[in-house]
Amino acid sequence: MDLPIVCCTPLAGPTLGADEAAATASVFKALADPHRLRIVNLLANSDQPVCVCDITAHLNLTQPTVSFHLKKLTSAGLLDREQRGTWAFYSVNQEALEGLRRVVDSKELVS
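Described below are features of the structure shown in this document. Please read these numbers as outputs of a predicted model, since none were measured by experiment.

### Some words on helix H3 (residues 52-59)
- Buried within H3 are the following residues: Val-52, Ile-55, Thr-56 and Leu-59. The arc that holds every buried residue of H3, seen down its axis, measures 100°, which confines them to one face.
- Tucked inside the fold, the buried residues of H3 contact helix H2 (34-44), strand E1 (50-51), helix H4 (63-75) and strand E3 (87-92).
- In the stretch just after H3, Asn-60 is the one whose phi turns positive, near 60°.

Structure follows, in structure tokens:
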């Protein structure tokens with residue numbers, strides 16, 4: 001699984017290549033849904049990984065719908081998944097969030 005956000009050039013940098021733009025766009029696509037933003041918000045405010053069952057209850061969505069959104073976020077490298085028995089637990093990939101911050105921080109320019 002790629003972590004496209006970690007390798008990307010800041011948007012305010014002097015150049016943004018086609019591959020970097022595609023990698024960055026895939027992360028923004030993963031975040032371009034209100035349910036996914038709520039999932040990231042829930043996980044970012046949790047001190048420990050959260051069970052998919054708790055995410056489902058929090059969003060008041062069906063389990064298959066939540067699993068679809070979690071897969072999109074995990075594939076984009078924004079979430080980490082841990083299997084514990086029959087349940088999956090999710091947490092925010094802190095390195096990916098830091099990379100996202102760097103991408104949108106206009107004060108960090110690439111030399």
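### Comments concerning the packing of H2 against H3
- It is the contact of H2 with H3, at a shortest axis distance of 11 Å, that shows an interaxial angle of 125°. Judged by the angle between their axes, H2 and H3 are oblique. The two elements H2 and H3 meet at a crossing, and its hand is right-handed. Residues His-35, Arg-38, Ile-39, Leu-42 and Leu-43 of H2 form the contact with H3, whose own contacting residues are Ile-55, His-58 and Leu-59.
- The residue inventory of the contact of H2 with H3, partitioned by class, reads five nonpolar, two polar and one charged.

### Re the environment of Lys-29
- As for its placement among the helices and strands, Lys-29 is situated in helix H1 (residues 18-31).
- Classification of Lys-29 by relative accessible area gives exposed; the value is 62%.
- Expressed as a C-alpha distance, the spacing of Lys-29 and Lys-72, which sit 43 residues apart in the sequence, is 9.0 Å.

### A closer look at the sheet that holds E3
- Strand order in the open sheet made by the three strands is E1-E3-E2, with antiparallel pairing throughout. At either end of the open sheet lies a strand with only one pairing partner, and these are E1 and strand E2 (79-84).
- In the sheet, E2 pairs with E3 via six bridges, with the strands oriented antiparallel. Bridged to Gln-83 within E3 is Ala-88.

Here is what the cut-offs are and how they apply
Residues numbered from 1 in each chain as written. Predicted model: local features only at pLDDT ≥ 70, side-chain atom pairs only at ≥ 80, totals over all residues. Heavy atoms only, no water. Buried < 20%, exposed > 50% of the residue type's maximum accessible area, 1.4 Å probe, protein only. Helix = DSSP H or I, 4+ residues; strand = E, 2+ residues; numbered from the N terminus. Arc of directions from axis to C-beta. Contact = heavy atoms within 4.5 Å. Axes fitted to C-alpha atoms, helices over the stretch in contact; angles between N-to-C directions. Parallel < 35°, antiparallel > 145°, perpendicular 65-115°, else oblique. Left-handed = near helix turned anticlockwise from the far one by under 90°. Nonpolar A, V, L, I, M, F, W, Y, C, P; charged D, E, K, R; others polar. Pairing = 2+ DSSP bridges.

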